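Secondary and tertiary structure notes
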Amino acid sequence: MNTIDKSIIKVIKDAVVTVPGVASFADYNAEDYSELPTKEIDNAIEFTNTDNVTLFRIHVILINGVNIKDVINEIQIRVKYELEKISKFTVKYMVDVAVADLM
């Protein structure tokens with residue numbers, strides 16, 4: 001199984017936590033509702049690497065009452081831009097955002 005470089009994880013974390021409306025990351029392997037919020041970003045990011053593109057799926061918990069579409073769009077834009085910036089725009093990225101819950 002591939003692992004994500006720690007510098008990439010830091011870039012994703014720094015980009016996501018600055019988006020208004022994000023309460024926390026969500027553990028996509030959580031078996032119980034109480035285990036869903038996580039500070040371990042490794043448990044909130046899935047990724048697939050192909051020849052043409054690297055796909056990241058980021059699991060988040062949003063604050064109740066936000067415009068979900070706007071928050072997801074902002075996360076996608078910020079994360080994709082920051083990843084492309086550190087790779088000097090030589091790698092293509094796709095960012096999916098999965099909303100696990102609202103707080």
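Whatever comes next refers back to the structure up there.
In this text the structure is predicted, and so the values were computed from the model without any measurement.

Within the secondary structure, S24 sits in strand 1 (residues 22-26). Not counting residues up to four positions away in its chain, the partners in contact with S24 are P37, T38, V60 and I61.

Attention shifts here to the environment of E82. Position of E82 among the secondary structure elements: in helix 2 (residues 68-86). Judged by relative accessible area, E82 falls into the partly exposed class, the value being 25%.

Packing of helix 1 (residues 6-17) against helix 2 brings their axes to within 9 Å, and their N-to-C directions diverge by 145 degrees. Handedness of the helix 1/helix 2 crossing: right-handed. In this structure, helix 1 uses I8, V11, I12, A15 and V16 to contact helix 2, whose residues at the interface are I75, R78, V79, E82, L83 and I86. Classifying every residue of the contact of helix 1 with helix 2 gives nine nonpolar, no polar and two charged.

Take unusual backbone geometry next. Residue K88 is not a glycine yet carries a positive backbone phi of 55 degrees. On the basis of relative accessibility, which here comes to 67%, the residue K88 falls in the exposed class.

The next thing to look at is the pattern of salt bridges. Scanning the entire structure with this criterion turns up six salt bridges. The closest approach of N and O atoms between R57 and D96, which form a salt bridge, is 3.4 Å. Taken together, the positions of R57 in strand 4 (residues 54-62) and D96 in strand 5 (residues 93-102) put the pair 39 residues apart, joining distant regions of the chain. Among the residues examined, R57 registers a relative accessible area of 33% and is labelled partly exposed. Its relative accessible area of 25% is what places D96 among the partly exposed residues. Notably, a salt bridge pairs E82 with K85, separated by 3.5 Å at the nearest N-O pair.

To continue, consider the packing of aromatic side chains. Enumeration over the complete set of coordinates arrives at three aromatic pairs. Among the aromatic residues, those joined into a ring-pair cluster are F47, F56 and Y93.

With that out of the way, let us pick up the pairing of strand 1. Burial of strand 1 is extensive: four of the five residues sit out of reach of the surface. In this structure, strand 1 lies alongside strand 2 (residues 37-38), joined through two bridges in antiparallel fashion. For F25, the partnering residue across the bridge sits in strand 2 and is T38.

With that settled, consider the pairing of strand 5. Here nine bridges tie strand 4 to strand 5, and the two strands are oriented parallel to one another. Note on strand 5: the bridge partner recorded for L55 is M94. Following the chain from strand 4 across helix 2 to the adjacent parallel strand 5, one finds a crossover that is right-handed.

Rules used throughout
- Residues numbered from 1 in each chain as written.
- Predicted model: local features only at pLDDT ≥ 70, side-chain atom pairs only at ≥ 80, totals over all residues.
- Heavy atoms only, no water.
- Helix = DSSP H or I, 4+ residues; strand = E, 2+ residues; numbered from the N terminus.
- Contact = heavy atoms within 4.5 Å.
- Buried < 20%, exposed > 50% of the residue type's maximum accessible area, 1.4 Å probe, protein only.
- Axes fitted to C-alpha atoms, helices over the stretch in contact; angles between N-to-C directions.
- Left-handed = near helix turned anticlockwise from the far one by under 90°.
- Nonpolar A, V, L, I, M, F, W, Y, C, P; charged D, E, K, R; others polar.
- Salt bridge = Lys/Arg side-chain N within 4 Å of Asp/Glu carboxyl O.
- Phe/Tyr/Trp six-rings, centres within 6.5 Å; stacked < 30°, edge-to-face > 60°.
- Pairing = 2+ DSSP bridges.
- Right-handed = clockwise from strand over helix to strand, strands pointing away.

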